[in-house]
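The chain contents come next:
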Amino acid sequence: MEMLIKFESKSSRAKGVAFHPTLPWVLTSLHNGRIQLWDYRMGTLIDRFDGHDGPVRGIAFHPTQPLFVSGGDDYKVNVWNYKAKKLLFSLCGHMDYVRVCAFHHEYPWILSCSDDQTIRIWNWQSRNCIAILTGHSHYVMCAAFHPSEDLIVSASLDQTVRVWDISGLRMKNAAPVSMTIEEQLAQAQNNITNDLFGSTDAVVKFVLEGHDRGANWCAFHPTLPLILSSGDDRLIKLWRMTASKAWEVDTCRGHFNNVLCCLFHPHQDLIVSASEDKSIRIWDLNRRTAIQTFRRDNDRFWFVTVHPKLNLFAAAHDSGVMVFKLERERPAHALNINTLLYVSKDKSIVSHDLIRGQSNILASVKHQGSPWTHPRSLSYNPAEKVALVTSPVDNGIYELVNLSSRSSSSKDGIKGSGDTALFVARNRFAVFNRSKQLIDIRDLTNKVTKTIELPEKVNDIFYAGMGHILLSTSTQVHMFDLQQKKVTASVNANKVKYVVWSNDSSHAALIGKHFVYIVKKSMELITSIHETIRIKSAVWVENNVLFYSTLDHLKYLLMSGDSGIVKTLESTIYLVRAKGDLVFALNRAAEPITIKIDPTDYLFKLALMKKDYEQVLHLIQNSDLVGQAIIAYLQKKGYPEIALQFVEDLSTRFELALQCNNLETALEIARTIDRPEIWSRLSSESLHSGNHKIAEITYQKLRYFEKLSFLYLITGNTEKLNKMAMIAQKRNDALSLFQNSLYMNDVEARIDMFVDANMYPLAYLTAKSNGLEERAQEVLTVSGINEDHIKLPSTGPSFTLPSPVRPTYAENWPLKDTSDSSFEKLLRDRIEQMALEPEEETASVNEFQEAEQDLLNVEEDGSDLSAESPEEGDGWEVEDLAAEEVVPNAEDEVGVIDGADEIHLWLKNSPLAADHIAAGDFESAMKLLGRQVGVVNFAPLKSRFLEIYAASRAYVPAVDGLDPLTIYIRRNGESAERNQSLPFISRNLESIKNNELNEAYRLVKANKISEAKEACLNIIYLLITSVANTQEEAEEMSDLLDEAREYIVGLSCELERRKLSEGDVTRALELSYYFASTKLQPVHSIIAHRLAINASHKQKNFKSASFLGQRLLDLAGSGPAAEAASRAITLGDRNPHDAFEIDYDPHVEFSICAKTLTPVYSGQDYESCPVCAAKYHKASASGVCLVCDLGAIGQRGTGRRFLV
């Protein structure tokens, strides 16, 4: 037996420690008055709590609620909420140090004992002391509830251990009855007497005397009628009790100082004790002898406790706290094809068929050591049907066990000493002796055939194929050839604990405490991963994918280094095999289990790694892979064209489209977003890719006239260069006009520009240098200068405009490599099936070209722009521009392809289901509702679908014999461009509030419960298929949907109550309380509270009625309702009891399970409906939601969406 320390904290002296029942947390109470909350798996401090003056001695978690209790030297018992991170209240009454605090496992009770010689029982809900146990004549050092019976055991320095019977207290508090005024007065008198002389609700059953000095600790056995006690006489005493008597069984001797704490091992026949002699001792319960002693040099042990569910212990000492185990829980096992061999908890070798699920006991190894020491490893030889079992007893032994009944028994009983033994050939096995650093190769008769001295200090050996083993040192792992007796390969790896070989033995996983290394057989490192949580096991699946388990997750690791989570585990498992969607493992109880998984995530990444795009496409079409993690992964790995299929956010889609050079998609998105920075990005990328047509559109949107002119120059588009010159003239932009005239070598235009700008010298020089003598004379005449006054510089030949070898404006330049990937070729064929939502049909190449050509060819009156008259309009509408104006929005001219279908624009512009319904694409709308809010039943929405569809269209009669003209009605009307149009959706939020909501309120007030429930259900159907115009309106719609759900759940409680028979009083009271607890409008909540109070008074549940009255008083404030509330509070104060015990806790926040109509308390596991957020208990979470009749319970969606 060894102490395996899992966590240790350094602090001031720790006086107490407590495990959380489910989370990996431990509370420590310190001598300096502070309480610390630690995560013992991560080794991190979560929180600190300060609220005591002086040392804190007692500490305990509540078994189900987010509470813990502490007691200290300030005489207080404090109750804390660790979620809210605050002190809730203090229980005052003790008059000396509080030694121990504990919660009852069933009732809302707290047990505390003190140096004031008393034991107190508190009700933490009512915050009252309900019993005081007196009888000890010295400090009461310890007190504990019995795990199942109505008993308390206590230990005191008066040298006695007392057992108390509290069945009277339980009956008194669990079954309250109504009392008359006389009975209430008598009870009050009894309470005073109890305070003075002790309560009769708890009586002493046994007084155990046997310690020579004060008793420090006592504890019940979890299942047997045994009691354990320890004291300052350095002894541990074992007592047995029956219904009528108790007596001492035996005494454990061996400690050298005061024994401060002791307990029973919950799963083994062991006793654990802690003492001031700086040791923790383990005792055999049956023999009462010491088995093992764990000693520290400088730390006295003050306290030891055990985890309520796991095999973990915690001890408090002078330097802090440590969490430890007393045994390894990993079952020894080996796998042979589909057969798992493992050693069970009763130390039997079991054969388990993974396919059939059948088990068979083959042999027993109970004779190896003590019952609580289990074998460490198992190596199986399928050829000879024998197994090597290694155990840590006697410093390491191995045994050769025959597993076949047909074979001779000559191999049975072969044993030897060694730390590790494993088969290395059919008739050879290797035995490693760590102390001697030797490896013996033995045959099946245990005869040594070869002895190998190791080249360096080795910690362990592992199987590495026939004739080879792996040697694990502190810093490396070596491949060792047993025949040549030499190391053939090495890899750096610190303290490897386990090695798992792939199915073809080509790769190995080296597993340490917090890392996994994947290496080839040549010890070449391929990839590695580090985990903060301990890694417990690993197994290979097909395609060389590694599954590994941590304490709470099942994860995968690919050869590329990619990893992810496959499943969250409820408890720790040890993997043995994985195939398809099944994982086979052993749990800590050494029981084979099968876990079903979803392998889609790692199969998707594996297909990408192998470039198997057919498989990628299949997984996208048939799996739910949408998520930020998968999108980020695809971007990181350079697959933006695949990531583009998952994304709905326009900005992200734009970035992905640029990454995969899909400029047409990027252009459509840019038109939708329509922000300058987006157009600027697109212009740079398009020109870089050689797509000058899209670059032209971006320059037009950004009004980059100079860039447009230069683009037309280098593409040889002289026609548009002329138009740019005309635009510059209309804009009175002399510099732009000069630039365009240079590009076209239009000397006359340059001369006119210089003249208009009064730059006569430059005008004359331009005319003279280009041989235009007449124009030169005209300039001189206008300027009034004589030619004799002008001295001209010498000029060369006239400049001629270089003409392009081949005009390129008709076609794009040779583009950057944009050939479709294999995935995109597959995608093109099946785009309709894999689209996440309908998109606008892509225009043909000719249509795109025509649309772009129309950019500058559209004329106001239909005439040709090449006409001489400057008054005629053109596509830029230059005649309407003032001097400070620029080109009109190019979106008007190229944003929408001529003749585009309106409904396609609706589909493209909105991700809302309502807009897709209006467009007539019901299938797309259903997909959106399913993905966003998990709708699976669309039958209740049929009429709403048809209403929306009909309201978005108007029909105008045409000529007889022809179909009527269809007019599509937009909700954004003329305020938006055509390519941003959205359909009209009937019934907005204001309409729903003014009609359906007011009608529902009226029906509730009129006590028409069934009709009101239907009205609230109709509100949900309307809201889920409506749209919002602002973010505030969207939030209000979501809140209104939640309110409708609360009304439906509350009204369901009231309807169910009215169906009950008169004899079902308890259930009727519960339903009335639940109805009052739902979040209704104040006027309706007042009605519900008054109904519940009346029902409570009728059944004499005065205490509950008092709680309801207090809440009603907060709601009403004044009037008849407030008077009724005051009467309920007064009656409750006079008679604070309930005649009927009900499942209702007013102090704890809860919701109502819509199926069982019972509370779902805060902290309990639950599932919810993705549509209306109705909650359900885990056991009831299946099928379609009973509130909205739309969503699948437990299904996850992206969330409600009301805003485009």
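Residues numbered from 1 in each chain as written. Predicted model: local features only at pLDDT ≥ 70, side-chain atom pairs only at ≥ 80, totals over all residues. Heavy atoms only, no water.

**With respect to the overall build of the protein**
Point 1. The helix and strand tally for the protein stands at 31 helices and 61 strands.
Point 2. A sequence separation of at least 24 residues applies to 48% of the contacts in the protein between residues at least 6 apart.
Point 3. For the protein, the computed accessible surface area is about 55,000 Å², with 49% contributed by carbon and sulfur atoms. (Helix = DSSP H or I, 4+ residues; strand = E, 2+ residues; numbered from the N terminus. Contact = heavy atoms within 4.5 Å. Areas by Shrake-Rupley, 256 points an atom, 1.4 Å probe, with all protein chains shown as cover.)

**A few points about the sheet that holds strand β30 (residues 339-343)**
As a general point, the strands of a sheet are linked pairwise by backbone hydrogen bonds and lie either parallel or antiparallel.
Point 1. Strands sit in the order β29-β30-β31-β32 across an open sheet of 4 strands; the sheet is antiparallel. This sheet does not close on itself; its edge strands, each paired only once, are β29 (333-336) and β32 (359-364). Each adjacent strand pair in this sheet contributes to an overall mean axis angle of 20°, direction not counted.
Point 2. Sheet topology note: the β30/strand β31 (residues 348-353) ladder contains 5 bridges and is antiparallel. (Pairing = 2+ DSSP bridges. Axes fitted to C-alpha atoms, helices over the stretch in contact; angles between N-to-C directions.)

**Let's talk about unusual backbone geometry**
Point 1. Backbone geometry at Q159 places phi at a positive 75°, although glycine is not the residue there.
Point 2. Mapped onto the fold, Q159 is located in the loop between β15 (151-156) and β16 (160-165).

**Here's the deal with the nonpolar core**
Point 1. Within the largest apolar cluster, 88 residues are counted, with the highest numbers of intra-cluster contacts made by L929, C1172, C1185 and V1187.
Point 2. The contacts of V1187, once residues within four sequence positions are left out, are L1017, R1045, I1048, V1049, A1154, C1172, A1174 and Y1176.
Point 3. Residues Y40, W239, L263 and L312 belong to the second largest nonpolar core, which totals 75 residues. (Core = buried A, V, L, I, M, F, W, Y, C linked by side-chain atoms within 4.5 Å. Buried < 20%, exposed > 50% of the residue type's maximum accessible area, 1.4 Å probe, protein only.)

**What about a positive patch on the surface?**
Point 1. A cluster of basic residues, R376, K495, K497 and K513, forms a positive patch on the protein surface.
Point 2. Examined against the element boundaries, K495 turns out to sit in the loop between β44 (486-492) and β45 (498-501).
Point 3. Relative accessible area serves as the criterion here: at 58%, K495 is assigned to the exposed category. (Patch = residues over 30% accessible without salt bridge, like charges linked within 9 Å, V, L, I, M, F, W, Y side chains within 5 Å. Salt bridge = Lys/Arg side-chain N within 4 Å of Asp/Glu carboxyl O. Lys, Arg positive; Asp, Glu negative; His and termini not counted. Charge placed at Lys NZ, Arg CZ, Asp CG, Glu CD.)

**Some details on helix α23 (residues 922-933)**
Each α-helix turn comprises 3.6 residues. Residues three or four places apart therefore point the same way.
Point 1. Under the 1.5 Å per step criterion, the end-to-end length of α23 is 16 Å for 12 residues, consistent within 8% with the ideal 16 Å.
Point 2. Along α23, the residues that are buried comprise S924, A925, L928, L929, G930, R931, Q932 and V933.
Point 3. Those residues of α23 that are buried lie in contact with α22 (913-918), α24 (942-951) and α26 (1009-1024). (Expected span 1.5 Å × (residues − 1).)

**Some thoughts on the packing of helix α11 (residues 705-715) against helix α13 (residues 734-744)**
The packing of two helices is summarised by the inter-axis angle and the distance between the axes.
Point 1. One can describe the packing of α11 onto α13 by two numbers: an axis separation of 10 Å at closest approach and a directional angle of 5°. Regarding the angle of α11 to α13, the classification is roughly parallel. Here E706, S709, F710 and L713 of α11 lie close against α13, whose contacting residues are Q739, N740 and Y743.
Point 2. Of the residues contributing to the contact of α11 with α13, the split by class is 3 nonpolar, 3 polar and 1 charged. (Parallel < 35°, antiparallel > 145°, perpendicular 65-115°, else oblique. Nonpolar A, V, L, I, M, F, W, Y, C, P; charged D, E, K, R; others polar.)

**Focus: empty space enclosed by the protein**
One simple way to see leftover space: roll a probe sized like a water molecule over the atoms.
Point 1. With the rule as written, the count across this model stands at 8 cavities of 30 Å³ or more.
Point 2. In this structure, the largest cavity is lined by K6, Y40, R41, L310, L312, K325, R534, K536, L551 and R588.
Point 3. Among the residues making up the lining of the largest cavity, the classes are represented as 4 nonpolar, no polar and 6 charged. (1 Å grid on protein atoms, 1.4 Å probe; cavity = no way out; pocket = protein on both sides within 12 Å on 5 of 7 lines; lining within 4 Å. Points joined across faces, edges and corners; volume = space filled by probe spheres on them.)

**Side note on the sheet that holds strand β54 (residues 582-587)**
Point 1. The strand order β53-β54-β55 describes an open sheet built from 3 strands, whose pairing is antiparallel. If you trace the sheet from one side to the other, it starts and ends with β53 (573-579) and β55 (592-596), each paired once. With strand direction ignored, the average angle separating the axes of adjacent strands in the sheet is 30°.
Point 2. Two strands pair when backbone bridges link them, and β54 and β55 are joined in this way by 5 bridges, in the antiparallel orientation. When the sheet's bridge partners are listed, F584 is paired in β55 with T594.

**Some words on the confidence of the model for the protein**
Detailed reading of the predicted coordinates is not advisable wherever pLDDT falls low.
Point 1. Averaged over all residues, the pLDDT of the protein equals 82, while 85% of them reach at least 70.
Point 2. Throughout residues 828-900 the model reports pLDDT below 50, and contacts reaching past four residues in sequence, or to other chains, amount to 120 contacts. (pLDDT = per-residue confidence, 0-100.)

**Regarding α24**
Point 1. Buried residues of α24: R944, F945 and I948, and no others. Along the long axis of α24, the arc covered by the buried residues comes to 105°, so they all point the same way. Of the exposed residues in α24, those oriented more than 90 degrees away from the buried face are K942 and S943.
Point 2. The elements touched by buried residues of α24 are α22, α23 and α26. (Arc of directions from axis to C-beta.)

**Remarks on the packing of aromatic side chains**
Both the distance between ring centres and the angle between the ring planes are used here to describe each pair of aromatic rings.
Point 1. Counted under the stated rule, the structure contains 27 aromatic pairs.
Point 2. Between W906 and Y968 the ring centres are 5.6 Å apart and the planes differ by 90°, which places this aromatic pair in the edge-to-face class. Of this pair, W906 sits in helix α21 (residues 902-909) while Y968 sits in strand β57 (residues 965-968); the two residues are 62 residues apart in sequence, bridging distant segments of the chain.
Point 3. Judged by its relative accessible area of 30%, Y968 falls in the partly exposed class.
Point 4. Pairing F1150 with Y1161 gives two aromatic rings, centres 5.5 Å apart and planes at 65°, and the pair type is edge-to-face. With F1150 in strand β58 (residues 1150-1152) and Y1161 in strand β59 (residues 1159-1161), this residue pair connects regions lying 11 residues apart in the sequence.
Point 5. According to the relative accessible area criterion, Y1161 is buried, its value standing at 12%.
Point 6. Within the aromatic cluster, the residues linked to one another by ring pairs are W25, F49, F61, F68, W80 and Y82.
Point 7. K15 extends its terminal NZ or CZ atom over the ring of W302, reaching a point 3.7 Å from the ring centre.
Point 8. If you follow K245 out to its NZ or CZ, it ends over the ring of W247, 5.3 Å from the centre. (Phe/Tyr/Trp six-rings, centres within 6.5 Å; stacked < 30°, edge-to-face > 60°. Lys NZ or Arg CZ within 6 Å of the ring centre and 35° of its normal.)

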